[in-house]
Amino acid sequence: MCPFCPGTGRERVTSPEIDYAAIFAASPSAYALLGPDLVIRDVNRAYLELTLRIRDELVGHHIFDVFPENRADPEADGIRSLKSSLHRVVTFRKVDVIPLQKYDIPVAGKPGVFEERWWHTVNTPLLAPDGSVDAVLCREEDMTGFIRSYQQQHGRIPALTEATADGADLPSRDGTQVAAREGAQPAESRSRKTAPDLTTQLYARAQELVRINEELRRSNAQERQVALTLQEAMLYSPGLPRPNVAVRYLPAAGTLNVCGDWYDVTDTHEGRFAAAVGDVVGHGLEAAAVMGMLRSALSAAMRATDGPARALQVLGLYAGTVEGAMNATAVKIVVDSQHRTLTYSSAGHPPAILRHQDGTCELLDQATDPPLATRADETEPRAQATRAYLPGDILVLYTDGLIERRDEDIDTGLARLTATVSERGSLGPEDLADALLAGMGVSEGSGDDVALVVIRL
């Protein structure tokens, strides 16, 4: 029976389970599997044969440690182009192709000696269930023989215009033949010429792909800059910068530098100021648009109400009218410097951390209600609590991207963050913010958005 079921739109697998590890190992194409940190996790036999290495020399090592730059050859730009390609794959979670690059490899057992190599590279992201890049599959094709053959025929590696200088026709995008040079004679009048050089055409096409890829990359860079400018405008806080307060914002990979996480620090009145962080479900421009509306609404509500609980109650009513705002979370804390108190309320958000000068930490978790627009009656008052503090204490607000990991319980991440705050709390806010990100193993382009506020009280 055919393993497909026509008309159902579904497939039935009737064959035994496929051993994909065996396929990877036996593939005649050279493959290397890299982690997002560019450490080599696995290679197949073809890759070992192509690079003249043994497995232990590669697996577990950073790819640019085992294949360093040939500093003696200024034309060998392989590290730069490969590093840029891998960064794009991890950031945008899309396949990236390097049509042709010169990347010399070191000769085993001969330090400082390199062998000239040319490559065609395809880098493919392998995604985890949460959408983050779990690994990158690199497929390498050795183009060295092709390049050397061209050099033997033409005496050098030509530019695109030089590659077609002999009058060979290049295939256009619609499959027809076009004259390679302006003013070239029609094909019928050149019938006695030698047939077009296929090698020349292939090289010219590779060069054209390089040019097109560079144009696309410049366009992507411009889009990222526009998105970043938009996010910075959305996150503008009139109360920042201010002494003893540090903020951080890191978008998830592939989100054009925009996300649904946010922070806000604003002055209120009579020596008080308010800090908040929030998290909208999702990533990208849609989540950022919802974030901008909620952030502005909460800031306005805080100025018009008598405390954070009432402000979050108003925000919950507003969130019910905004598409995409349901289940958003937020925490708002008012710092009263005169009376040395923290008054806070949380709408389904992870608890803020208060670190005392002796290194002990406590979670501000005594006033937590469900996320925005999820309560049966949003007109009901939300919970609010007050906690005293002493000068020199540290207050840390954050979004769940800092503590959530797909392979562990969120309480484990929260305990790790609390321990890091306790250990590194003697640092200034700016240094502490960086230490917390590093200690939690997050950076721009990680699997989830992160917003962080650190305040020395």
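Just so it is clear, the structure is predicted and the values come from calculations on it, not from any experiment.

Thresholds applied
- Residues numbered from 1 in each chain as written.
- Predicted model: local features only at pLDDT ≥ 70, side-chain atom pairs only at ≥ 80, totals over all residues.
- Heavy atoms only, no water.
- Buried < 20%, exposed > 50% of the residue type's maximum accessible area, 1.4 Å probe, protein only.
- Helix = DSSP H or I, 4+ residues; strand = E, 2+ residues; numbered from the N terminus.
- Arc of directions from axis to C-beta.
- Pairing = 2+ DSSP bridges.
- Axes fitted to C-alpha atoms, helices over the stretch in contact; angles between N-to-C directions.
- Contact = heavy atoms within 4.5 Å.
- Phe/Tyr/Trp six-rings, centres within 6.5 Å; stacked < 30°, edge-to-face > 60°.
- Left-handed = near helix turned anticlockwise from the far one by under 90°.
- Nonpolar A, V, L, I, M, F, W, Y, C, P; charged D, E, K, R; others polar.

Enquirer: Is there a simple way to explain helix α6 (residues 144-154) in this structure?
Expert: Every α-helix carries 3.6 residues per turn, so stepping three or four residues along brings you back to the same face. Turning to α6, its buried residues are T144, F146, I147 and Y150. With its buried residues spanning 165° around the axis, α6 presents them on a single face. Across α6 from its buried face, at more than 90 degrees, point the exposed residues G145 and Q152. Count one or two residues on from α6 and you reach G155, which has phi positive near 85°.

Enquirer: Help me understand the sheet that holds strand β9 (residues 133-142), please; the structure alone is not making it clear to me.
Expert: Picture the strands of a sheet paired through backbone hydrogen bonds; they go either parallel or antiparallel. Strands sit in the order β4-β3-β9-β8-β5 across an open sheet of five strands; the sheet is antiparallel. Pairing within the sheet leaves two strands with one partner each, and these edge strands are β4 (40-43) and β5 (96-102). Going across the sheet, the axis of each strand differs from the next one's by a mean of 25°, ignoring polarity. Bridging between strand β3 (residues 30-34) and β4 involves three bridges; their strand directions are antiparallel. Note that in β4 the partner of L33 across the bridge is D42. Along the sheet, helix α5 (residues 78-92) contacts β3, β5, β8 (118-127) and β9; its crossing angle with β5, the most-contacted strand, is approximately 175°.

Enquirer: I would appreciate a short explanation of helix α12 (residues 429-439) in the present structure.
Expert: Among the residues of α12, those classed as buried are P429, L432, A433, A435, L436 and L437. Buried residues belonging to α12 abut β12 (245-250), β21 (394-398), α11 (410-424) and β22 (450-456). One or two positions beyond α12, positive phi appears at G441, with a value near 70°.

Enquirer: Honestly, the packing of aromatic side chains in this entry has me stumped. Any pointers?
Expert: Aromatic ring pairs are defined here through the distance separating the ring centres and the angle between the ring planes. Applying the stated criterion across every chain yields a total of two aromatic pairs. Both rings, one in F24 and one in Y31, keep their centres 6.2 Å apart while their planes meet at 35°; by these two values the pair is tilted. Of the two residues, F24 and Y31, both sit in the buried class. Seen in terms of ring centroids, Y47 and F67 are 6.5 Å apart; in terms of plane orientation they differ by 70°. Their pairing is edge-to-face.

Enquirer: Got a minute to help me understand the sheet that holds β21 in this structure?
Expert: With antiparallel pairing, the five strands of this open sheet are ordered in space as β12-β22-β21-β17-β18. With one partner strand each, in any of the chains shown, β12 and β18 (361-364) form the two edges of the open sheet. Between one strand and the next, the sheet's axes are offset by a mean angle of 15°, whatever the strand orientation. Against the sheet, α12 touches β12, β21 and β22, its axis set at about 30° to β12.

Enquirer: Teacher, can you tell me more about the packing of α11 against α12 here?
Expert: Working note: a packed helix pair is described by the angle between its axes plus the distance between those axes. The interhelical angle for the contact between α11 and α12, taken along N-to-C directions, is 145°, at an axis separation of 10 Å. Here α11 and α12 pass one another in a crossing that is right-handed. Along its contact with α11, which presents L417, T420, V421 and R424, the element α12 presents L432, A435 and L436. Along the lines of polarity and charge, the residues of the contact of α11 with α12 split into five nonpolar, one polar and one charged.

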